[in-house]
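# Architecture at a glance
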Amino acid sequence: MDFKKRALTGLIAALPMIAQAQFTQSEVNNFTKETSLTFAVVDNFHNKSAGFLGEITLDNQSNVALPAGESDWQLYIHSVRKISTEYVAGLNIEHVNGDLHRIVPTKDFKGLAAGKSLKLPFDAQVWVVAYTDFMPRAFFVSGNNKPAIFANTDSEDMTQFVAPFKRENQLRRYNQPEDLTVLVTPQVRFEKNNNKVSVSKSDALKRIIPKPQKADFNRGTATLDDSWKISFQGQLKNEVVVFMQDLQDDYGLTLKAQPDHIKLGDEKIISLKVNPALNKGKAESYTLEIDDEQINIVASDNAGVFYAMQSVLNLMPANSQGAVELPQLELEDTPRYGWRGMHYDNGRNFHGKDVMFKLVEQMARYKMNKLHWHFSEDEGWRLEIPGLPELTDVGGYRCFDLEERECLITQLGTGPFKSGSGNGYLKRSEFVELLKYAKDRHIQIIPEVEGPGHARASVKAMEARYHNLLEAAEKATKNNILNTKQTDKKMQQVDMSDATQYLLSDPKDTSSYITVQNYTDNSMNVCMDSTYAFLEKVTYELQQMYREAGVQLKNLHIGGDEVGAGSWVGSPICQAMFADPSNGVAGAADLKPYFTQRVAKMLEKRGISPGIWEDGIMYDKTNPFKRDEFPNETFTVNAWDNIWEWGVADRAYRLANAGYQVVLSHGTHLYFDHPYEANPDERGYYWATRYTDTQKVFNYMPDNVYGNADYTRTRKPIDNLEALVGRPLPQLEKPENILGMQGQVWSETIRTEKQVLEMMFPRILSVAERAWHKADWESGSVDTQQQAKDWAGFSAAVGLKELDKLAEGGINLHLPVPGGVIKAGKLEVNTPFAYLQTEYSLDDGTTWQAYTAPISVSGSQKVALRSRISKQQVSRITYIN
């Protein structure tokens, strides 16, 4: 049975046997406009830690009634928690794929009259303690009418369609085992923020992020204005252009620059030179001297000069214009790691072109140098590839197309239309532009082509291509027969070679599996030569884009993670491979190593180093694939799975010891799709840890992976990691194989530019800090007093200047909700960042006053608090009393 017949058969089987639509388009529109659909968590304690009891309420305030019995209408919802209830109130609940579920009436449905409500209790997987676990844009379909979104769900304000979280069994994830999370209140925040170390404004202004290795500040300042000139070594022309543009755009300074062979007189000079012998030639090292008439920068390479310039910019007060005061100093600096990265997933949801340029700009400001771009996923393919238009025409969009010929099936709250949130892609020319922009800022962009799992967008796009080309071939063959009046069998054969050239799935594959994200068809078939032809084609086109941008594609990430168990076992093509004794593939367990080796060899021929997520290169929990099976000198592995009680958090060391190059990417500290605090109003998942705030990232110790073991997922303190795991933990034998670290943002719950930037900023500053600078408190057992002092200096600089600079750069920030207490009739307020402006309201938010010192309030008075950095950017509001 071919793909088309399978798709149509599935669609027909899923629909009630009703010949004609029951509703007009006007009725469909009216029903969804006036009927509210609301989700609620009824009980997270319903099934220990395995599932929760939820409820959908339909409140029909329209003049359209849903008739009793079978009908042709269908109601679609997005639920990342797979619903296990299959029948309720005369309605079938069906899992379509991924997060998409369908509700259809049966003969037992009693109907829903106008003005009435209907409650649908349901069981679902895991637990829900955050508004953003529920997805927007539920929609209604009837017959051949266009689908219509329930109006109250067409919003990024989750409170419009999610009932409040108030009770313990809503705010906590489970009760067996006990959820030990400390639920956040203003008082809890206040105590957490209450760092006893104070930092002066002058010291906060002088705090460079990331912290230099050595900095000696002298008395006095230098006033940088338009009278200064830049003298530069000829090879630094590109760096100077970027620096001059930043000075002009951010501080209104217009400086003239000329190569250093032209002698300058007595002008105030910024001197830029490269000395390859500096710091024994270590890459990216520099020295910086500032006095009242000269700024001298000497670096081991161009990147070092660029980073010295960023230190100069970092010393400038926010919102300065025309003349800027700089402290006089002598500074020596070199990075801790060569890999200081950020992973950005816009495969799940596309957030627009501007986000990527803003991210690159700010990464460069904080001396980060690797952007791991996750542009292909189950839910989307986000880069135009010449010769494969279906990748973006189909794979770049989600809508209501169950055959997936025009788009992927809708997911993650996009709704039924191509205009919905999360849709789109980068054009080839835009990516080339981005590559050039990143090159000028010493940032390497590492693309990720996900495979063999997490590949649904590419799989379905290539199936659409197969259908399109097969139909064209069949039409051409038919026309040829008619025109030539020949009936020879050879003439009647349809040429399928073009259609199958890049096909990623076996039409006869009967394999059954379901992934962590509830997909049943997202694995590339690793037994088909066309899969590797596809990867070769994409890699070739990527290389052409990089070459056009004047850079080399040095690294390409191949994914490898979370392949659905059971993939390929029902594929006749794979069965044929198992039967062939000459290929080294005897069964399904050999297929992932086979895939990885074949792709790695292809990349080696192209001069590209592969990268992979840790579980993509493991035979089992403890044994990596044999390193000598791969010809690549460098093979990077992202170590991410450090849920301590799962017993695999030692993989970072196991992989480094085995000869792989490791990038620390640990979920408990470095995943920015997790909430900033344990509060239902915060966005994000919480599978690795209940929350990850900026301070937690700051406290991460990349040189001591086991030292980061703080809590289990239940929030039980970890006192003895080895006892928790139950076996010896390997020590790091090859530290040279730890390349560095990076933050990760995954975008399942993140649909807009504003949302994704808030999830990254300001946490990303802590990644920049730890990847560049090793703090004294990290050595041996943690010196908590030194740690608190270091955090105080860092956080004061963030609150005094960095947040303002980021906002001026177009970054939507996550501003911390203030802590607050009333003591002896006085209101006291704080935030994690000293000098961040806070405000209070005594009239329920009607008017706001700046908080500068404790104020008198009555013990029972309702007090609202928020933080602010501009007219546009404020935090969530919290209430005392």
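Preceding block: the structure.
Residues numbered from 1 in each chain as written. Predicted model: local features only at pLDDT ≥ 70, side-chain atom pairs only at ≥ 80, totals over all residues. Heavy atoms only, no water.

## Re the overall build of the protein
When its secondary structure is counted, the protein shows 23 helices and 34 strands. What you see for the protein is a C-alpha radius of gyration of 29 Å, in line with the 29 Å of a compact globule of 881 residues. Taking the principal axes of its C-alpha atoms as reference, the protein extends roughly 90 × 75 × 55 Å. Counting every position in the protein, which comprises 881 residues, the buried fraction comes to 58%. (Helix = DSSP H or I, 4+ residues; strand = E, 2+ residues; numbered from the N terminus. Rg over C-alpha atoms; globule rule 2.2 N^0.38 Å. Buried < 20%, exposed > 50% of the residue type's maximum accessible area, 1.4 Å probe, protein only.)

## Section: the environment of Pro-136
Relative to the helices and strands, Pro-136 resides in the loop between β8 (117-125) and β9 (139-142). Using a relative accessible area of 0% as the deciding quantity, one classes Pro-136 as buried. In sequence terms Pro-136 and Ser-117 are 19 residues apart; their C-alpha atoms lie 20 Å from each other. Setting aside its immediate chain neighbours within four residues, Pro-136 contacts His-78, Thr-153, Ser-155, Glu-156, Met-158, Phe-161, Gly-413 and Arg-751. (Contact = heavy atoms within 4.5 Å.)

## Regarding the state of the cysteines
Every disulfide links exactly two cysteines, by a covalent bond between their sulfur atoms. The final tally for this structure, using the stated rule, is two disulfides. Paired through a disulfide, Cys-399 and Cys-407 show a sulfur-sulfur distance of 1.8 Å. Taking the torsion about the S-S bond as the criterion, the Cys-399 to Cys-407 disulfide, at about -85 degrees, is left-handed. For the pair formed by Cys-399 and Cys-407, the shared burial category is buried. Put simply, Cys-527 and Cys-574 are joined by a disulfide, and their sulfur atoms are 2.1 Å apart. Given an S-S torsion of about 105 degrees, the disulfide between Cys-527 and Cys-574 has right-handed geometry. Placement of the pair is Cys-527 in the loop between α13 (497-500) and α14 (529-549) and Cys-574 in helix α15 (residues 572-579), with a sequence separation of 47 residues. Of the residues examined, Cys-527 reaches a relative accessible area of 7% and is grouped as buried. Cys-574 sits in the buried class, given a relative accessible area of 0%. Numbered by order of appearance in the sequence, the disulfide-linked cysteines of the protein pair as 1-2, 3-4. (Disulfide = S-S within 2.5 Å.)

## Notes on the packing of helix α6 (residues 237-251) against helix α7 (residues 302-315)
Two elements in contact, α6 and α7, have axes separated by 10 Å at closest approach and are oriented at 15 degrees. As summarised for this structure, α6 and α7 are arranged roughly parallel, according to the angle between their axes. As α6 packs across α7, the resulting crossing turns out to be right-handed. Touching Glu-239, Val-240, Val-242, Phe-243, Asp-246, Leu-247 and Tyr-251 of α6 are Asn-302, Phe-306, Met-309, Val-312 and Leu-313, all from α7. (Axes fitted to C-alpha atoms, helices over the stretch in contact; angles between N-to-C directions. Parallel < 35°, antiparallel > 145°, perpendicular 65-115°, else oblique. Left-handed = near helix turned anticlockwise from the far one by under 90°.)

## Considering α6
Every α-helix carries 3.6 residues per turn, so stepping three or four residues along brings you back to the same face. Taking 1.5 Å as the rise per residue, α6 with 15 residues should run 21 Å; its terminal C-alpha atoms sit 21 Å apart, in good agreement. Listing the buried residues of α6 in full gives Glu-239, Val-240, Val-242, Phe-243, Asp-246, Leu-247 and Tyr-251. The arc enclosing the buried residues of α6, seen along the axis, measures out at 165 degrees, which places them on a common side. Turned more than 90 degrees off the buried face of α6, the exposed positions are Lys-237 and Asp-249. Phi turns positive one or two residues past the end of α6, at Gly-252, with a value near 65 degrees. (Expected span 1.5 Å × (residues − 1). Arc of directions from axis to C-beta.)

## Topic: the pattern of salt bridges
Applying the stated criterion across every chain, the model contains 49 salt bridges. One salt bridge in this structure joins Glu-629 and Lys-626, with 3.9 Å as the shortest N-O distance. Each of Arg-189, Glu-677, Asp-681, Glu-682 and Arg-876 takes part in one network of salt bridges that share partners. (Salt bridge = Lys/Arg side-chain N within 4 Å of Asp/Glu carboxyl O.)

## Thoughts on the packing of aromatic side chains
Throughout the structure, instances matching the rule amount to 40 aromatic pairs. An angle of 80 degrees between the planes, with centres 6.0 Å apart, marks the rings of Phe-52 and Phe-122 as edge-to-face. With Phe-52 in strand β3 (residues 51-60) and Phe-122 in strand β8, this pair connects stretches of sequence that are 70 residues apart. For Phe-52, a relative accessible area of 1% corresponds to the buried category. (Phe/Tyr/Trp six-rings, centres within 6.5 Å; stacked < 30°, edge-to-face > 60°.)

## Here's the deal with the sheet that holds strand β34 (residues 878-880)
Taking strand neighbours across the sheet as the criterion, the four strands line up as β31-β30-β33-β34 in an open arrangement whose pairing is antiparallel. The open sheet is flanked by β31 (849-851) and β34, the only strands paired with a single partner. Shown here is a sheet whose adjacent strand axes are inclined to one another by a mean of 35 degrees, direction ignored. (Pairing = 2+ DSSP bridges.)

## Some points on helix α22 (residues 763-772)
Counting buried residues along α22, ten of its ten residues qualify, which places the element largely inside the surrounding structure. Of all the positions in α22, only Arg-763, Ile-764, Leu-765, Ser-766, Val-767, Ala-768, Glu-769, Arg-770, Ala-771 and Trp-772 are classed as buried.

## Things to note about a negative patch on the surface
Together, Asp-216, Asp-266, Glu-289, Asp-291, Asp-292, Glu-293, Glu-330 and Glu-332 make up a negatively charged patch on the protein surface. Relative to the assigned elements, Glu-330 resides in strand β17 (residues 324-333). (Patch = residues over 30% accessible without salt bridge, like charges linked within 9 Å, V, L, I, M, F, W, Y side chains within 5 Å. Areas by Shrake-Rupley, 256 points an atom, 1.4 Å probe, with all protein chains shown as cover. Lys, Arg positive; Asp, Glu negative; His and termini not counted. Charge placed at Lys NZ, Arg CZ, Asp CG, Glu CD.)

## So, the pairing of strand β33 (residues 863-868)
Remember that side chains alternate between the two faces of the sheet whenever the strand is regular. Counting buried positions over the six residues of β33 gives six, a clear majority of the element. Burial of the side chains of β33 extends over both faces: Val-863, Leu-865 and Ser-867 are buried on one face and Ala-864, Arg-866 and Arg-868 on the other. Alignment of strand β30 (residues 837-841) against β33, held across five bridges, turns out to be antiparallel. Counterpart to Ser-841 in the pairing with β33 is Ala-864. By the bridge criterion, three bridges tie β33 to β34 in an arrangement that is antiparallel. Counterpart to Ala-864 in the pairing with β34 is Tyr-879.

## What about the side chain of Glu-541?
With respect to the secondary-structure elements, Glu-541 resides in helix α14. A polar atom in the side chain of Glu-541 sits 2.8 Å from the side chain of Lys-537. Among all residues touching Glu-541, those that are not within four sequence positions of it are Ile-385 and Pro-386. (Polar contact = N/O pair within 3.5 Å; in protein donor to acceptor, adjacent residues only side chain to side chain.)

## Describing the nonpolar core
Where a protein is soluble and globular, its nonpolar side chains tend to be buried together. Counting residues in each nonpolar core, the largest one holds 165 residues, and the members touching the most others are Leu-272, Trp-381, Leu-383, Phe-431, Phe-534 and Phe-761. Membership of the second largest hydrophobic core comes to 37 residues, among which are Phe-52, Ile-83, Tyr-131 and Ala-138. (Core = buried A, V, L, I, M, F, W, Y, C linked by side-chain atoms within 4.5 Å.)

## What to know about the pairing of strand β27 (residues 738-745)
Judged by how many residues are buried, β27 sits mostly within the fold: seven of eight residues are covered. Where strand β18 (residues 339-345) meets β27, six bridges bridge the pair, whose relative direction is parallel. When the bridges of β27 are listed, Arg-340 appears paired with Met-741. Pairing between strand β26 (residues 661-664) and β27: three bridges, direction parallel. Residue pairing across strands places Leu-664 opposite Met-741, the latter belonging to β27.

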